[in-house]
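So you can see what is in the structure, the chains are spelled out below.
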Amino acid sequence: MLPPRDTSTRERRSLNGLWAFRLDPEGTGRQAGWWRSRLPQAREMPVPASYNDVVPDITVRDHVGDAWYQTMVRVPAGWSGQRIVLRFDAATHRAAVWVNDALVAEHEGGYTPFEADITALAAPGAEVRVTVVVNNELTWTSVPPGHVEETARGRRQHYFHDFFNYAGLHRSVWLCSTPATWIGGITVDTGLEGTTGTVGYAVRRGDGRDGCARVVLRDAEGIEVASADGAQGVLRVPDVHPWAPGDGYLYALEARLLDDGGQVADSYVLPVGVRTVEVRGTQFLINGEPFHFKGFGKHEDAPVRGKGHDDALMVHDFELMEWIGANSFRTAHYPYAEEVLEYADRHGVVVIDETAAVGMNLKLPAIAGHGPARTTYTSETIGPDTRRTHLRAVRELIERDRNHPSVVLWSIANEPESAVPAARDYFAPLFEEARRLDPTRPVGFANVMHDPARACLVSELADVVMINRYYGWYVHAGDLAAAETALEAELNDWADLHRKPVIVTEYGVDTLPGLHTVLDVPWSEEYQERFLAMYHRVFDRVDAVVGEHIWNFADFATRPETGRVDGNRKGLFTRDRRPKSAAFSVRRRWRNDV
Ligand code: GCB
C-alpha cells in the first residue's frame, strides 16, 4: 500500500482536525447503528491523538472497548472520474469504518495502515459522513496480546508490556484520489557493484492485471540518471551516490503506469536510497563498511497526545538524537508513523524496525509479582491464532516499510519467552516468512534477560543477536562491580556461542532528574551516568558488540505500578525532552568528544 502523495495524477486531502467522539462503555453503538446519523452525545476529539489523556477523566483514560469517531468531508468536485480512497495511517488496535451507511473497511493491528476504495459512495462535490469505531481491547489473539477481565467495577484490561495501552486514531486520515487505472504498489531492492548502483524495481497495477510501465530515476538535483520500460527490471546508476548513515542521499523513482493505449494513466514518485546491508561474521555492514549502532529504543509517547503523531515532536526528537550523536534507533515496540521513517531516510538515520509483538512472555508478570504464573505458548494463551495475527503483522510491516533505506533490520518481536521448545516452533515460520518477503535484510528479535545464550532456542534462527540487559538494575541493583562482571561474561558467551553481531538493544535505569547522590544509589542521576559508563566500558572490550541502544530515549507512560514513578523513567531525556545529566556524558562518547 503506497503512502498517499500528491503527484501529477493523484491528490490527497487531510481529514485531520477535530472529530466528533464518543466512548461506548456499554458496547451498544454497533447494535444501535451509531454510524447512521450524527454521533449522539459526542464531544470533540483531535485526530491524530490518543484519546486517553485529552480528557481529565479516569473513565476515559482507562476505557476498555469501543470508541466512536465521526466527521463530515466534502469530496473535491475536481475528482470526478477518479478512484477515491479513504486511508487510515493507523487505528489502535482495531477499527471498522463506515461511509454514510456502508461498512467500507475493517482492520486489526494498531500500527499499520489500511484503506478502502469508496468511489461508489463518494460522489465528487458531495459531502459524506465518515464514522469509525476503534476498539482498544487486547486479547490472547491480538498483537500485542492481553486479556480483559470482567469485574464488579467494570471491565479491566490486562497486558504484559511496559507502556500505556493508548488508543484512538493515532495517525493521519486521508481522502485520496488516484486514476481509475492505478499503481497498486512499487518495490525496490538496491545493490552496489563498485561505483555503480543497481535499483531493482517492480511496479504493480492496482487491479492485479499485467501493466506496462516506464520508470525514470532522478538524482537529488532532478537530473535523470537512468530509465527503463517494463513493469519490472533493474536500473543501473554509474557513479552512484549511495545512501549511508549520516548521509541520507535519495534518488526519486518516478513510476508511470501506461494504459492500454500507451498513455500515462498514473504516476507515483518514490524516494530511493541505494545501499546494501550484510551480516558477515560478527560484523554488521552497510555498503560494505562495519556499522556500529549508537542510539536508543524509543517510544511514540508524549504528554496529552499519547501516541498521536506530531511533526513538531518528531523533528525535535530527531534533533535531540543528532545533538547527542545517535546514528540509529529501534521502533520499540511497534511500527512507527511512516513520517518517522521518511525523515530517517532523508537524514541518514538507521532504523531497526519492530512489529508490535511485545509481551509474549507470561513468566515475566509472575516473576515481577503482578500476575499468576501461566504457560506462554498454549492454545489458550499465545497459540496458533496469535501466530496468525503475528504473521499478518510481519507481512504488513515488511509490505509497508521495505522501500525505506533507513530500515536495515527487522525485529519480529520484543522479549518473547524463548528458552522453551514451543518458542522455536512458534517463531520458525515467522522468520521464514520475513526472509521470504524480504531476502535483502537480516532478521532478529530482542532477547530477554531470563533466556541467556545457552538457554535461548530462538536466537539460532536470527541473523543478529539482539539482547536487552539490565545488570545493575533488575539484578545487582546498586552494585555496579557485580553487574560489570556479569554483563561481560554474558556478552562473551553470546559472542563465543553464536558468532554473530551482538546489538545490546536495551540497557538503562530509571532516573529521577534532580535526585543527586555521591554513592551508587539507584534512581539518582549519577547512578544513571555510572551505569551507562560501565556498560560502555564493557562494550568496548567485546568485539562482537556492534550496537548500543540505551533504554530509553525519553521517559514514557506506563500503567500505574509501584515500580514506576508516573511512568517509566529510564529516559536519557524526560518526557518533555529535557536532558538528564547522563545525556551529556553519552554525548561526549557518541560524538567522540572526550
Ligand atoms: C524491557 C522491555 C521494555 C521495558 C524495559 C524496562 O526489557 O523490553 O519494554 O520498558 O525492559 O524498563 O523494564
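Caption draft 1: Local environment of the site of the ligand. Residues in close proximity to the ligand total 13 residues, the closest being Asp162, His333, Glu415, Tyr474 and Lys570. If the ligand stood free it would expose 320 Å²; the protein chains cover 91% of that surface. Broken down by class, the residue content of the shell around the ligand amounts to four nonpolar, four polar and five charged.

Caption draft 2: Spatial organisation of the pairing of strand β23 (residues 293–297). The buried count for β23 comes to four of five residues, which makes it a mostly enclosed element. Examined bridge by bridge, β23 and strand β30 (residues 545–551) share five bridges and lie parallel to one another. Counterpart to glycine 295 in the pairing with β30 is histidine 549. Pairing analysis gives three bridges linking β23 to strand β24 (residues 328–330), with the strands arranged parallel. The residue bridging phenylalanine 296 from the neighbouring strand is phenylalanine 329, located in β24. Regarding topology, helix α3 (residues 311–324) serves as the crossover connection from β23 to the parallel β24, and that connection is right-handed.

Caption draft 3: Representation of the pairing of strand β15 (residues 212–218). Pairing geometry for β15 and strand β18 (residues 251–258), over seven bridges, is antiparallel. Note that in β18 the partner of leucine 217 across the bridge is leucine 253. By the bridge criterion, five bridges tie β15 to strand β16 (residues 224–229) in an arrangement that is antiparallel. Residue pairing for β16: valine 216 is matched across the bridge by serine 227. In this antiparallel pair of consecutive strands, β15 and β16, the connection spans five residues, and glycine 222 shows a positive phi of 90 degrees.

Caption draft 4: Spotlight on the domain arrangement of the protein. Here the protein is described as being made up of domain 1 (11–178), domain 2 (183–275) and domain 3 (291–590). The distance between the C-alpha centroids of domain 1 and domain 3 comes to 29 Å. If you look at the interface, domain 1 gives 30 residues, while domain 3 gives 43 residues. Roughly 3000 Å² of surface becomes buried between domain 1 and domain 3 when both sides are summed, with 58% attributable to carbon and sulfur atoms. The largest per-residue losses of area from domain 1 upon contact with domain 3 belong to Trp140, Val143 and Asp162, which jointly make up 23% of the total buried on that side. For the interface between domain 1 and domain 3, the tally reads three salt bridges. At the junction of domain 1 with domain 3, the criterion picks out 16 residue pairs in polar contact (both at pLDDT 80 or more). A per-class count over the side of domain 1 that touches domain 3 returns 14 nonpolar, nine polar and seven charged.

Caption draft 5: A look at the pattern of salt bridges. Here the structure, examined in full by the defined rule, presents 50 salt bridges. A salt bridge links arginine 129 to aspartate 101; its shortest N-O distance comes to 3.1 Å. With arginine 129 in strand β9 (residues 127–135) and aspartate 101 in the loop between β6 (94–99) and β7 (102–108), this pair connects stretches of sequence that are 28 residues apart. For arginine 129, a relative accessible area of 15% puts it in the buried group. Residues aspartate 510 and lysine 570 are paired through a salt bridge, measuring 2.6 Å at the closest nitrogen-oxygen approach. Pair noted here: aspartate 510 is in the loop between β29 (502–506) and α9 (525–541) and lysine 570 is in the loop between β30 and α10 (581–590), with a separation of 60 residues, a long-range link. Residues aspartate 510 and lysine 570 agree in their burial class; the two are buried. Put simply, Asp162, Asp510, Arg564 and Lys570 are held in one network by salt bridges that share partners.

The rules behind each value
Residues numbered from 1 in each chain as written. Predicted model: local features only at pLDDT ≥ 70, side-chain atom pairs only at ≥ 80, totals over all residues. Heavy atoms only, no water. Near = heavy atom within 4 Å. Areas by Shrake-Rupley, 256 points an atom, 1.4 Å probe, with all protein chains shown as cover. Nonpolar A, V, L, I, M, F, W, Y, C, P; charged D, E, K, R; others polar. Buried < 20%, exposed > 50% of the residue type's maximum accessible area, 1.4 Å probe, protein only. Helix = DSSP H or I, 4+ residues; strand = E, 2+ residues; numbered from the N terminus. Pairing = 2+ DSSP bridges. Right-handed = clockwise from strand over helix to strand, strands pointing away. Domains from an automatic or database assignment. Contact = heavy atoms within 4.5 Å. Buried area = accessible area lost by both parts, 1.4 Å probe. Salt bridge = Lys/Arg side-chain N within 4 Å of Asp/Glu carboxyl O. Polar contact = N/O pair within 3.5 Å; in protein donor to acceptor, adjacent residues only side chain to side chain.

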